[in-house]
Amino acid sequence: VQKYPQYVAGRSVLDLGCGCGLAGISAKLVGAASVRLADLEPAACWGARVAAANGVEVESIVLDWRGDEAVADADVIVACDVLWGDTAPRV
């Protein structure tokens, strides 16, 4: 995201399986219009609190992203290390 900001600049970004929110927060810092940090586990959505504490405005939502409707309104979808372990959904 930092290397190619043109892909997110001015666009709405959804960070799937956000964890700490690194990809989404980076997108906001390089000019994304809006960013939603999304994870299935509520405890994993702590990245929004860290971002807010540092003056970066992002939204945090709990999201089961296995359905198409969950990602339909994002211009760009970013994900970092989301398919790991025995419980990862098949894609």
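Residues numbered from 1 in each chain as written. Predicted model: local features only at pLDDT ≥ 70, side-chain atom pairs only at ≥ 80, totals over all residues. Heavy atoms only, no water.

**Student:** Could you clarify how one ought to interpret the sheet that holds strand S2 (residues 34-39) in this entry?
**Tutor:** The strands that make up a sheet are held in pairs by hydrogen bonds between backbone atoms, and each pair lies either parallel or antiparallel. Spatially, the four strands line up as an open sheet ordered S3-S2-S1-S4, and their pairing is parallel. Lying at the two open borders of the sheet, with one neighbouring strand each, are strand S3 (59-62) and strand S4 (76-79). The sheet shows a mean angle of 25 degrees between the axes of neighbouring strands, taken without regard to direction. Against the sheet, helix H1 (residues 22-29) touches strand S1 (12-16), S2 and S4, its axis set at about 180 degrees to S2. (Pairing = 2+ DSSP bridges. Helix = DSSP H or I, 4+ residues; strand = E, 2+ residues; numbered from the N terminus. Axes fitted to C-alpha atoms, helices over the stretch in contact; angles between N-to-C directions. Contact = heavy atoms within 4.5 Å.)

**Student:** Looking at this structure, how should I read the pairing of S4?
**Tutor:** Remark: a regular strand shows side chains that alternate across the two faces of the sheet. Because side chains alternate across S4, one face comprises the buried residues Val76 and Val78, and the other comprises Ile77 and Ala79, none of which is buried. Here S1 pairs with S4 via four bridges, running parallel. Bridging from a neighbouring strand, aspartate 15 pairs with valine 78 of S4. (Buried < 20%, exposed > 50% of the residue type's maximum accessible area, 1.4 Å probe, protein only.)

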